[in-house]
Amino acid sequence: MTVYGSFPGSRPRRLRVNPAMRRMVAETRLHPADLILPAFVREGVSEPVALSAMPGVVQHTLDTLRGAAAEAVAAGVSGIMLFGVPEDAKKDTAGTAGTDPDGILQVAIRAVREEVGDDLVIMSDLCLDEYTDHGHCGVLDAEGRVDNDATLERYAEMAQVQADAGVHVVGPSGMMDGQIGVIRDALDTIGREDVSILAYTAKYSSAFYGPFREAVGSSLVGDRKTYQQDPANARESLRELALDLEEGADMVMVKPALPYLDILARIADEVDVPVAAYQISGEFAMVEAAAEKGWIDRDAAILETLTGIKRAGARTILTYWATEVAQKLGR
């Protein structure tokens, strides 16, 4: 008599016999709508500028950014997260280019909105680091420390100018205490209750940000360990989560993704709002570098990493491969 609860009656391999079977019983499915494309736009350039550590990724001109947004829409990508790269001469201690209505990020938001309208969720990085001459995510006090509360005032201004430019979602990434509540109040004050907040709830101080520094032309000297989370801590993320939700976050995010899948899974289990994860520059660069050397299968590795992030609980994934993967997945 065969006992079907154990071998030989029970054979899990029956459900792996061919691609059609594996596709039918797959527990996790990637879809183009899961993906958000991070994109950089640089002021004062007439051609896209390639990034040495991120093959295939560029600092866009306004025209090529428009093209990238249209391509993302055609592929079925849900959103685009915009990062502005100002001219070095426009950086200062307060990051004033970040709140200039005619600053590069605000101009880019308007350009993308004109190009794709509401067919793509237009998101903006709400942070000062691209615009400060010291490279930190906030303004500094007299002793050179990031001043949390003074920075919140600047974030409120940034939220309002980005909303005026036409953004659908702001993404506060600076990890300042109280930032979500201040930004929500600032948006509501100007009648922009319709603009959503994607909170960078668990943003860790990570070694994997390296290539991003080139992408945004960072002026940072030192590190951001006094405001980004310590990689050793997990429960701290749940505290940050509770605060962000109480202050009005519409969506929450974990960044980086792959080194923090445990955090992603814990947060996804805790909330009833959409959860995002950011597959950051270092994660991208490692796969591309290993593939270039022939050490891994590039396409398979890309899909495996994204599937793992979604399996851990991400509803949406920010990835530099968003359009490429969406094109391959199809609608």
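Fair warning: this is a prediction, and the values are worked out from it, not measured in the lab.

Just checking my understanding: could you explain the nonpolar core for this structure?
In summary, soluble globular proteins display a tendency toward joint burial of nonpolar side chains. Of all hydrophobic cores here, the largest spans 91 residues; its most connected members are Ile80, Leu82 and Tyr155. Excluding anything up to four places from it in sequence, Tyr155 contacts Leu126, Cys127, Leu128, Cys137, Gly174, Met176, Gln179 and Ile183.

Explain unusual backbone geometry here, please?
Peptide bonds are mostly trans, and most non-glycine residues show a negative phi. Residue Pro8 is bonded to the preceding Phe7 through a cis peptide linkage, with omega at 10°. With respect to the helices and strands, the residue Pro8 is situated in the segment before helix 1 (19–25). Going from Lys255 to Pro256, the amide bond is cis rather than trans, its omega being -5°. Here Pro256 is to be found in the loop between strand 8 (251–255) and helix 8 (261–270). Of note, Met175 is a non-glycine position whose phi angle comes to about 60°, a positive value. Relative to the assigned elements, Met175 resides in the loop between strand 6 (169–172) and helix 5 (179–189).

Honestly, the pattern of salt bridges in this entry has me stumped. Any pointers?
Pairing between side chains becomes possible if they bear opposite charge and their charged atoms approach one another. Enumeration according to the criterion identifies 19 salt bridges in this entry. A salt bridge links Lys90 to Glu87; its shortest N-O distance comes to 4.0 Å. Of the residues examined, Lys90 reaches a relative accessible area of 40% and is grouped as partly exposed. Residues Asp299 and Arg298 are paired through a salt bridge, measuring 3.1 Å at the closest nitrogen-oxygen approach. Since its relative accessible area comes to 37%, Asp299 is described here as partly exposed. On the basis of relative accessible area, Arg298 is assigned to the partly exposed category, the value being 24%. Each of Glu288, Arg298, Asp299, Glu324 and Lys328 takes part in salt bridges that share partners, so that together they form one network.

Conventions used here
- Residues numbered from 1 in each chain as written.
- Predicted model: local features only at pLDDT ≥ 70, side-chain atom pairs only at ≥ 80, totals over all residues.
- Heavy atoms only, no water.
- Core = buried A, V, L, I, M, F, W, Y, C linked by side-chain atoms within 4.5 Å.
- Buried < 20%, exposed > 50% of the residue type's maximum accessible area, 1.4 Å probe, protein only.
- Contact = heavy atoms within 4.5 Å.
- Helix = DSSP H or I, 4+ residues; strand = E, 2+ residues; numbered from the N terminus.
- Salt bridge = Lys/Arg side-chain N within 4 Å of Asp/Glu carboxyl O.

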